[in-house]
Amino acid sequence: MDTAAPLSPTPRSTVRRLPGRARTDRAELYAVLDAGLVGHLGIVLDGAPVVLPTGYGRRGDTLYLHGSTGAATLRAAVTGAPVCFTVTHVDGVVYARSAFHHSMNYRSAVVHGPARPVTDPTERTLGLEALTEQLAPGSWAATRQPDRKELAATALLALDLAEASVKVRTGPPGEDERDLGAEQVWAGVLPVRTVLGEPEPCPLLPTGTPVPARVRGRRLS
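Summarised in this report is the structure supplied together with it. (Residues numbered from 1 in each chain as written. Predicted model: local features only at pLDDT ≥ 70, side-chain atom pairs only at ≥ 80, totals over all residues. Heavy atoms only, no water.)

**Remarks on the nonpolar core**
Definition in use: Only buried residues count toward a nonpolar core. Its members are Ala, Val, Leu, Ile, Met, Phe, Trp, Tyr and Cys residues joined through side-chain atoms within 4.5 Å. For every residue, the accessible area obtained with a 1.4 Å probe (protein chains only) is divided by the maximum for its type, and the residue is called buried under 20%, exposed over 50%, and partly exposed between those limits. Comment: elements are numbered from the N terminus, with helices defined as DSSP H or I runs of at least four residues and strands as E runs of at least two. What makes two residues a contact is simply this: any of their non-hydrogen atoms within 4.5 Å.
Among the nonpolar cores identified, the biggest contains 26 residues, and Leu29, Leu33, Leu63 and Phe85 are the most heavily contacted of them. Secondary-structure elements contributing two or more residues to this core are helix H1 (26-34), strand E2 (39-45), strand E5 (62-68), helix H2 (72-77), strand E6 (82-95), strand E7 (103-117), strand E8 (154-160) and strand E9 (164-169). At four residues, the largest contribution of residues to this core is made by H1. Other than its neighbours up to four places away in sequence, Leu29 contacts Leu7, Ala109, Leu161, Ala164 and Val166. Val118, Leu128, Trp140 and Ala158 belong to the second largest nonpolar core, which has eight residues in total.

**Topic: the side chain of Thr62**
With respect to the element layout, Thr62 can be found in strand E5. Apart from the residues within four sequence positions on either side, Thr62 is in contact with Gly57, Ala158, Leu159 and Leu161.

**Here's the deal with helix H3 (residues 121-135)**
Our working rule: By definition here, a helix of n residues has an expected span of 1.5 Å times n minus one. Note that the arc is defined by the directions from the helix axis to the C-beta atoms. Polar contacts, as counted here, are pairs of nitrogen or oxygen atoms within 3.5 Å of one another; within protein the pair requires one atom able to donate a hydrogen and one able to accept it, and residues that are adjacent in sequence qualify only if both atoms are side-chain atoms.
Here H3 is 15 residues long and its end C-alpha atoms lie 22 Å apart, about the 21 Å a rise of 1.5 Å per residue gives. Every buried residue of H3 is accounted for by Glu123, Arg124, Gly127, Leu128, Ala130, Leu131 and Gln134. On an axial view of H3, the arc spanned by its buried residues comes to 150°, and they lie on one face. Set apart from the buried face of H3 by more than 90 degrees, the exposed residues are Pro121 and Thr122. Among the residues of H3, the N-terminal cap falls to Asp120, whose side-chain oxygen and the backbone nitrogen of Thr122 are separated by 3.1 Å.

**Some details on the environment of Ala48**
Position of Ala48 among the secondary structure elements: in strand E3 (residues 48-54). Of the residues examined, Ala48 reaches a relative accessible area of 34% and is grouped as partly exposed. A C-alpha to C-alpha distance of 37 Å links Ala48 and Ser139, two positions 91 residues apart in sequence.

Pasting the structure below:
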């Protein structure tokens, strides 16, 4: 798909609330998704909405989601039921002179559509690789590949990124003119950053096993 193609191709994925925060460049969708570790999968199950956190991976215009073959949410999704998948990054807490205008700086992506089960062996391998590399870059090639039993216990879903939206807020608080005279009330942004700590080796590792560059050099966007 052309990365210059606009997002919001459908009424369902068009940002209506504060549309000025919407982004239409598909590259920004990729950036939000690629920077994340966890997304939330929403689906209606037995007449009630269910939203569950889950890992994911992206290859081109396809998101891959996985879980146990026994998971009720995944069994419902493979029947073609519509799903919604979201990823959000909080970049700052926005303090204003009024309680009403407190906010957050954030980047968020919402994807709509039916999820399809991935059964082709080649695509399953590529999808599981994408999931692994999203979480721990460099680990797919450095570790044992899933065996037949593990693959049989794993459901893999593909979600097309054709119907998606991106919304971003940046900058200082928006203030009402009547509040600007309250100089004794602090206003501004408190940045929020997710950082990775020092690697903690498995106790079963031989003493002195070096931390590989794929772990030591891991960074978050």
